[in-house]
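# Coordinate analysis (summary)
Here is what each chain is made of, one letter per residue.
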Amino acid sequence: MASRLGLFRFAFQRTSTAFASTTSSPVLRPGGVGGLGSFVRKFASPASSTASSISHLRNIGISAHIDSGKTTLTERILYYTGKISDIHEVKGKDGVGAKMDSMDLEREKGITIQSAATHCHWGDYRINIIDTPGHVDFTIEVERALRVLDGAVLVMCAVSGVQSQTITVDRQMNRYKVPRLVFINKLDRAGSNPWKVVDQLREKLKLNAAAMQLPIGLESQHKGIVDLVTCEAVYFTGEKGDKIVRTTDMPDKMKQDMEARRLVLVETVGNVDEELGEWMIMNDFPNQLPPPELLKNAIRRATISRKFVPVFMGAAYKNS
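This text gives an overview of the structure that appears in the document. The structure displayed is predicted, hence computed values, not measured ones. (Residues numbered from 1 in each chain as written. Predicted model: local features only at pLDDT ≥ 70, side-chain atom pairs only at ≥ 80, totals over all residues. Heavy atoms only, no water.)

## Notes on the overall build of the chain
The test is simple: The helix count covers DSSP runs of H or I at least four residues long, the strand count covers runs of E at least two residues long, and both are numbered beginning at the N terminus. Accessibility here uses a 1.4 Å probe with only protein chains present; expressed as a share of the type maximum, an area under 20% marks a residue as buried, one over 50% as exposed, and anything in between as partly exposed.
Per the secondary structure count, the chain includes 10 helices and 11 strands. For the chain, buried positions account for 55% of its 320 residues.

## Thoughts on the pattern of salt bridges
The line we're drawing: The working definition used for a salt bridge is a side-chain nitrogen of Lys or Arg within 4 Å of a carboxyl oxygen of Asp or Glu.
Applying the stated criterion across every chain yields a total of 7 salt bridges. One salt bridge connects Arg246 with Glu232, and the closest N-O pair in it is separated by 2.5 Å. With Arg246 in strand β10 (residues 243–247) and Glu232 in strand β9 (residues 232–237), this residue pair connects regions lying 14 residues apart in the sequence. Residue Arg246 is classed as partly exposed on the basis of its relative accessible area of 31%. One salt-bridge network, held together by shared partners, links Asp273, Glu275 and Arg301.

## Regarding the packing of aromatic side chains
Formally: Each aromatic pair joins two rings of Phe, Tyr and Trp (for Trp, the six-membered one) with centres within 6.5 Å, and gets the label stacked for planes under 30 degrees apart, edge-to-face for over 60, and tilted for any other angle. Two conditions define a charge located above a ring, namely a distance within 6 Å from the ring centre to NZ of Lys or CZ of Arg, and an angle within 35 degrees of the ring normal.
In the structure shown here, the tally under the stated rule is 1 aromatic pair. Sitting over the ring of Trp195, Arg261 keeps its end group 3.6 Å from the ring centre.

## Points about the nonpolar core
Selection criterion: By convention a nonpolar core is built from buried Ala, Val, Leu, Ile, Met, Phe, Trp, Tyr and Cys residues, the set being connected through side-chain atoms within 4.5 Å. It only takes one pair of heavy atoms within 4.5 Å for two residues to be counted as in contact.
Core analysis: the biggest nonpolar cluster contains 71 residues, and Ile184 and Leu265 have the highest contact counts within it. Among residues more than four places away in sequence, those in contact with Leu265 are Ala210, Ala211, Met212, Leu228, Val229, Leu295, Ile299 and Phe308.

## Description of the pairing of strand β11 (residues 309–313)
Two faces belong to every sheet, and in a regular strand the side chains alternate between them. How we decide: Should DSSP find at least two bridges between two strands, the strands are regarded as paired.
Of all 5 residues in β11, 5 are buried, a share of seventy percent or more. Here β11 shows two buried faces, one formed by Val309, Val311 and Met313 and the other by Pro310 and Phe312. Pairing geometry for strand β5 (residues 180–185) and β11, over 3 bridges, is parallel. Paired with Phe183 across the bridge in β11 is Phe312. Here 3 bridges tie strand β6 (residues 209–211) to β11, and the two strands are oriented parallel to one another. Opposite Ala210, over in β11, you have Pro310 as the bridge partner.

## Looking at the sheet that holds β9
Operational definition: Only C-alpha atoms enter the line fits that serve as axes; for helices the fit covers just the stretch in contact. Angles between N-to-C directions range over 0 to 180 degrees.
Here 4 strands make up an open sheet; going across it, the order is β7-β8-β9-β10 and the pairing antiparallel. The strands lining the two open edges of the sheet, one partner per strand, are β7 (213–216) and β10. The average undirected angle you get between the axes of adjacent strands in this sheet is 25 degrees. Where helix α8 (residues 252–270) meets the sheet, it contacts β7 and β8 (224–227), and its direction lies at approximately 155 degrees from that of β7.

## Considering the environment of Arg246
Put simply, the rule is: Any pair of N or O atoms that falls within 3.5 Å is considered a polar contact. Within protein, one atom must be able to donate a hydrogen and the other to accept it, and sequence-neighbouring residues count only if both atoms are side-chain atoms.
Linking Arg246 and Ala233, residues 13 residues apart in sequence, is a C-alpha distance of 5.6 Å. For Arg246, the side chain forms a polar contact with the side chain of Glu232, separated by 2.5 Å.

## Here we look at helix α3 (residues 70–80)
Within α3, 11 of the 11 residues are buried, leaving the element largely enclosed by the surrounding structure. What α3 keeps buried is the set Lys70, Thr71, Thr72, Leu73, Thr74, Glu75, Arg76, Ile77, Leu78, Tyr79 and Tyr80.

## A word on the sheet that holds strand β2 (residues 116–122)
Overall, mixed pairing links the 7 strands, which are arranged β2-β3-β1-β4-β5-β11-β6 in an open sheet. Looking at which strands have only one partner, the edges of the open sheet turn out to be β2 and β6. When strand polarity is set aside, the average angle formed by the axes of neighbouring strands in this sheet is 25 degrees. Strands in contact with helix α6 (residues 164–175) are β1 (57–64), β4 (151–157) and β5; relative to β4, the strand with the most contacts, it is inclined by about 165 degrees.

## As for the packing of α8 against helix α9 (residues 274–282)
Our working rule: Any angle that falls under 35 degrees is termed roughly parallel, while one over 145 is termed roughly antiparallel, one within 65 to 115 roughly perpendicular, and all others oblique. Note on residue classes: Ala, Val, Leu, Ile, Met, Phe, Trp, Tyr, Cys and Pro are nonpolar, Asp, Glu, Lys and Arg are charged, and everything else, Gly too, is polar.
With their axes 8 Å apart at the nearest point, α8 and α9 run at an angle of 120 degrees to one another. When the axis of α8 is compared with that of α9, the two are oblique. For the pair α8 and α9, contact is made by Val266, Glu267, Val269 and Gly270 and by Leu276, Gly277 and Met280, respectively. In terms of residue class, the contact of α8 with α9 is built from 4 nonpolar, 2 polar and 1 charged.

## A word on the packing of α9 against helix α10 (residues 292–304)
Taken N-terminus to C-terminus, the directions of α9 and α10 make an angle of 145 degrees; their axes are 8 Å apart at the nearest point. Every residue of α10 that contacts α9 at Glu275, Leu276 and Trp279 is listed here: Leu294, Leu295, Ala298 and Arg301. Its residues placed into classes, the contact of α9 with α10 shows 5 nonpolar, no polar and 2 charged.

Written as structure tokens, this is what we have:
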């Protein structure tokens, strides 16, 4: 978790199985009723018979400060996994409204009031998604949802960074020992700075966080991300961003930045994962870097154990 979307394209690929908790109940009762495109569609095949097993169920919550883009992100997840056939926006701008905003008041005000649950399929896995409110007045909805989660996505605004409700949600996730990943949203907005947000995660929330991706352009120039695990540039094209171009060809300056950020990622994970740390000692690190599969597995282990928080980024509203 992560994405036609910068986040979920990679988040589900690399960390959906990281949120493995086979003892969690598949029944969601949160309040009565949580980067993807062609890449996600390729892997989001109909659930097989094994999906009925509790070991193939994941309860994932999406939480954040108000107006960080939780519902917009959820709408993209549902679209790129094939759960819904079209994308609709918050506030019902097109007369329909986002799928997760079922109440008339939610569509009118453009905020989530009551937690809403839905599901999608990822390979042989059924992902139950709970979209929670971001306003402090409805924080009890977040509290109730967290009790049944295997993992969570903490959505951050690339402009505002850590805000008051972000701190509250982080504290709730710690209380219920919920593994999480972070998605820095709104890279397309003026003043966006994902690296400021990563620093705030470390300094204000005291999370052992590191970026999994590098943005290709910010604000109006944002067009994709660089995957720091596979060292590939990923561009999102098409009307709804569902045409994905992956390439290792990128400008020299971006390659240098990628190498520096990847080094930080490896060091951060290696400090908390014994297997990766041992590999670094035995293989002349940093002159030699770990292969993608080894790094991916280390990230998974560290995320499950809540020793590391992977940070993804993108712009949900712009489908990138």
